Amino acid sequence: MQAYIDALPGWKRDVGSWLDALIVRNVPGVRKAVKWNTPFYGIEGQGWFMGMHAFTNYVKVTFFRGTSLRPVPPGPSKTQDTRYYDIREDDPLDEAQMAKWVKQAAALPGWVP
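Residues numbered from 1 in each chain as written. Predicted model: local features only at pLDDT ≥ 70, side-chain atom pairs only at ≥ 80, totals over all residues. Heavy atoms only, no water.

### What about helix α2 (residues 10–26)?
(1) Moving on: Under the 1.5 Å per step criterion, the end-to-end length of α2 is 25 Å for 17 residues, consistent within 8% with the ideal 24 Å.
(2) Moving on: Residues of α2 that are buried: Trp11, Lys12, Val15, Gly16, Trp18, Leu19, Asp20, Leu22, Ile23 and Asn26. (Helix = DSSP H or I, 4+ residues; strand = E, 2+ residues; numbered from the N terminus. Expected span 1.5 Å × (residues − 1). Buried < 20%, exposed > 50% of the residue type's maximum accessible area, 1.4 Å probe, protein only.)

Printed below as a string of structure tokens:
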């Protein structure tokens, strides 16, 4: 996971580090893996609750059970339960809201590929 974050360019590395640290602080015993060039976060025996992926102009945060979160993250998905939150270079990082989503997501059954 750290190698993935370290390889991110510029501001995306800062966002990846911020998000990884926030998840570790808010989800005791979180599991991490990089699959398909995407970091995943999960709970042993429950599956993956979220992931992130760096694109050219933003970092996409994926909540696999996003429709169950309150408030629902704003980014729609072709998958019924999934919702996204995109972070662009100059966006303020809302730590309180992200921590709420992360804690809620970790408490739900996760995605099992």
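### A short note on the nonpolar core
(1) Moving on: One finds Ile23, Phe49, Met50 and Met98 to be the most contacted residues of the largest nonpolar core, which totals 27 residues.
(2) Moving on: Elements supplying a minimum of two residues to this core: α1 (2–7), α2, β2 (38–43), β3 (47–54), β4 (58–63) and α3 (95–106). (Core = buried A, V, L, I, M, F, W, Y, C linked by side-chain atoms within 4.5 Å.)

### Considerations on unusual backbone geometry
(1) Moving on: Pro71 follows Arg70 through a cis peptide bond whose omega is -10°.
(2) Moving on: Checked against the element boundaries, Pro71 lands in the loop between β4 and β5 (83–88).
(3) Moving on: Look at Trp36: it is not a glycine, yet its phi comes out positive at around 55°.
(4) Moving on: Inspection of the secondary structure assignment puts Trp36 in the loop between β1 (31–35) and β2.
(5) Moving on: Judged by its relative accessible area of 60%, Trp36 is exposed.

### Quick word on α3
(1) Moving on: Its 12 residues place the ends of α3 16 Å apart at the C-alpha level, agreeing with the 16 Å of an ideal helix rising 1.5 Å per residue.
(2) Moving on: Taken together, the buried positions of α3 are occupied by Gln97, Met98, Ala99, Trp101, Val102, Ala105 and Ala106.
(3) Moving on: Those residues of α3 that are buried are in contact with α2, β2, β3, β4 and β5. (Contact = heavy atoms within 4.5 Å.)

### Let's talk about the pattern of salt bridges
(1) Moving on: Within this structure, the stated rule accounts for five salt bridges.
(2) Moving on: Note that Lys60 is salt-bridged to Asp86, the shortest N-O span being 3.0 Å. Residue Lys60 is found in strand β4, and its partner Asp86 is found in strand β5; the two are separated by 26 residues along the sequence. (Salt bridge = Lys/Arg side-chain N within 4 Å of Asp/Glu carboxyl O.)

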